[in-house]
Amino acid sequence: MPFSHRHILSAHQFTAYDIEMVFDEAFRLQEAVRRQGVLATLPHSLMATLFYEPSTRTRLSFEAAMQRLGGRVVSTSHAKHYSSVTKGETLQDTIQSIQQYVDVIVLRHTDRGAAGEAAAVATVPIINAGDGDGEHPTQALLDMYTILQEQGRTENLTVAMIGDMKYGRTVHSLTQLLNLYANRIIFVAPPALQIPDWVTKDCNIPYEKTESMETAFAEADILYVTRLQKERFEKAADYQRYQGQYSITLETLQKLSPTATILHPLPRVDEISPEVDHDPRAAYFRQMKNGMFVRMALLHLVLG
Ligand code: NCD
């Protein structure tokens, strides 16, 4: 896929070759930032972040990425409350307005498929920064980049994903990327929160579903922990029923391989105890930092 001026909507759109291109670029930019701090790669470009849902890492890392490339940023972080949506404006009209001002729009929305709907009317690239319980393709890229950095490879890995497989959009996108290489996935969740068929229907790699964290721990090279997506539960009682079921502590980690990597897209609630942060296998803060370099690479490829 040539990246120039393309929308980034789903992890489905990437080939292994595309991923290699993003990673090479991310690595190069990571080195350049280490030397120079702020670069002059995209001095003539302006990016809008349009976020209808809360975000810390995704929005700020996109904005930091653009600024570190020497580009500029305009931002609406509470679009649901402070943009013209409150006056009844449609997403389509909002996109057709913002694109008059900027060269790329990074969109986070409450509804699955919203990024695709935005792209249908957009004349500038749309980057999906999370569409409801759908996908989060740029997170999947930074997750894979972190896997490569921590494990030295993106294949022949057993990846245990734990928590909310149903609503967790990062899991949905990461599954598609893992499927490009010879990997194996263990989805660990209570049956009601298991991975939906629409996510696994294109999976060519072996995968299994289990409720047992212990089985997964014994076999995992990568432990990908997620938070229950509280805001997407229809009934508060359902959330309460499952909350706290999976809790990663130094004690539960004893069964995990000493060479494994622990990832989490963050934010965490109570699923990883803070004492785990000092374990050398805990890579979630390094993962977060990688996000900025991967987003720099994407912006450069899309706008360059
Ligand atoms: C994730 C998201 O928004 O989907 N966060 C992120 O982008 N790093 C995960 C989550 O909110 O649980």
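Calculation notes
- Position numbers for residues count from 1 along each chain, tracking the sequence in the order it is written.
- Totals for whole chains, interfaces and linings use all residues, but because this is a predicted model, local features are given only for residues with pLDDT of at least 70 and pairs of side-chain atoms are given and counted only at 80 or more.
- As a convention, hydrogens and water are excluded, and side-chain values are obtained from all of the structure's heavy atoms.
- Note on conventions: DSSP H or I runs of at least 4 residues are helices, E runs of at least 2 residues are strands, and numbering of each starts at the N terminus.
- Here the globule rule reads 2.2 Å times residues to the power 0.38, and the radius of gyration is calculated from C-alpha atoms.
- For every residue, the accessible area obtained with a 1.4 Å probe (protein chains only) is divided by the maximum for its type, and the residue is called buried under 20%, exposed over 50%, and partly exposed between those limits.
- Here, two residues are considered to be in contact whenever any of their heavy atoms come within 4.5 Å of each other.
- Calculation of accessible area relied on Shrake-Rupley with a 1.4 Å probe; when residues are assessed, cover is drawn exclusively from the protein chains displayed.
- Lys and Arg are tallied as positive, Asp and Glu as negative. Neither His nor the chain termini are counted.
- Note that the charge is assigned to NZ on lysines, CZ on arginines, CG on aspartates and CD on glutamates.
- Using protein atoms alone on a 1 Å grid, points that fit a 1.4 Å probe yet trap it form a cavity, whereas open point sets bounded by protein on both sides within 12 Å along at least five of seven lines form a pocket; residues with an atom within 4 Å of a point count as lining.
- Grid points are joined across faces, edges and corners, and a volume is the space filled by probe spheres set on the points.
- For this classification, Asp, Glu, Lys and Arg are treated as charged, while Ala, Val, Leu, Ile, Met, Phe, Trp, Tyr, Cys and Pro are nonpolar and the rest, including Gly, are polar.
- The near set for a molecule or strand comprises every residue that places at least one heavy atom within 4 Å of it.
- In protein, a polar contact means a hydrogen-donor-capable atom and an acceptor-capable atom, both N or O and within 3.5 Å, with residues adjacent in sequence counting only if both atoms are side-chain atoms; elsewhere, any N or O pair within 3.5 Å suffices.
- A molecule is counted as occupying a cavity or pocket when more than half of its atoms fall within 2 Å of that pocket's grid points.
- DSSP calls a pair of strands paired once it identifies at least 2 bridges connecting them.
- Axis geometry follows a simple rule: fit a line to the C-alpha atoms, using only the stretch in contact for helices, then measure angles between N-to-C directions, giving values from 0 to 180 degrees.
- Here the expected span of a helix is defined as 1.5 Å times the quantity of residues minus one.

Enquirer: Could you give an account of the overall build of the protein chain, naming the residues involved and the relevant values?
Expert: Helix and strand content of the protein chain: eleven helices and nine strands. Taking 2.2 N^0.38 as the reference for a compact globule, 304 residues should give roughly 19 Å; the C-alpha atoms of the protein chain span a radius of gyration of 19 Å, in line with that estimate. Projected onto its principal axes, the C-alpha coordinates of the protein chain cover approximately 55 × 45 × 35 Å. Looking at the protein chain residue by residue over its 304 residues, the buried ones come to 57%. Considering only contacts within the protein chain whose residues lie at least 6 apart along the sequence, 71% involve residues at least 24 apart. Summed over its atoms, the accessible surface of the protein chain is roughly 13000 Å², and 50% of this surface lies on carbon and sulfur atoms. Distance from the positive charge centre (29 side chains) to the negative charge centre (35 side chains) of the protein chain: 4 Å.

Enquirer: Break down the layout of surface pockets for me, citing the residues and quoting the values.
Expert: Roughly 370 Å³ of internal volume is contained in the largest pocket. Taken together, 21 residues make up the lining of the largest pocket; nearest its centre are Arg108, Arg169, Arg227, Leu266 and Pro267. Of all elements in the fold, only helix 2 (57–68) and helix 7 (169–178) reach the threshold of two or more residues within the lining of the largest pocket. In terms of residue class, the lining of the largest pocket is built from four nonpolar, ten polar and seven charged. The space that makes up the second largest pocket amounts to roughly 180 Å³.

Enquirer: Any details on the site of the ligand? Residues and values, ideally.
Expert: Neighbouring residues of the ligand: Thr58, Arg108, His136, Gln139, Arg169, Thr170, Arg227, Gln229, Pro265, Leu266 and Pro267. At 3.1 Å, a side-chain N or O of arginine 108 approaches an oxygen atom of the ligand. A distance of 2.8 Å separates an oxygen atom of the ligand from a polar side-chain atom of glutamine 229. Across the complex, the protein chains shield 94% of the 320 Å² of accessible surface that the ligand would expose by itself. The cavity where the ligand resides is the largest pocket. Looking at the shell around the ligand residue by residue, the classes come out as three nonpolar, five polar and three charged.

Enquirer: Break down the sheet that holds strand 9 (residues 261–263) for me, with residues and values.
Expert: On the basis of which strands lie adjacent, the open sheet formed by five strands has the order 7-6-5-8-9 and parallel pairing. Whereas interior strands pair on both sides, the edge strands pair on one side only; in this sheet they are strand 7 (207–210) and strand 9. Put simply, the sheet's adjacent strands are angled 15° from each other on average, direction ignored. The pairing of strand 5 (residues 158–162) with strand 8 (residues 222–225) spans four bridges and is classified as parallel. Across the sheet, the residue bridging to methionine 161 is tyrosine 224, located in strand 8. Relative to strand 9, helix 6 (residues 137–151) is tilted by about 160°, and along the sheet it contacts strand 8 and strand 9. Across the face of the sheet, helix 7 comes into contact with strand 5, strand 6 (184–188) and strand 8 while running at roughly 170° to strand 5.

Enquirer: Pulling in residues and values, what's your account of helix 2?
Expert: Since the α-helix turns once every 3.6 residues, residues separated by three or four places project in the same direction. With twelve residues, helix 2 should cover 16 Å at 1.5 Å per step; its first-to-last C-alpha distance of 15 Å lies within 8% of that length. For helix 2, every residue scored as buried is listed here: Thr58, Arg59, Ser61, Phe62, Glu63, Ala65 and Met66. On its buried side, helix 2 packs onto strand 1 (46–51), strand 2 (72–76), strand 3 (104–109), strand 4 (126–131), helix 6 and helix 11 (284–303). Downstream of helix 2 by a residue or two, glycine 70 has a phi angle that is positive, lying close to 85°.

Any functional reading would require information beyond the geometric quantities listed.
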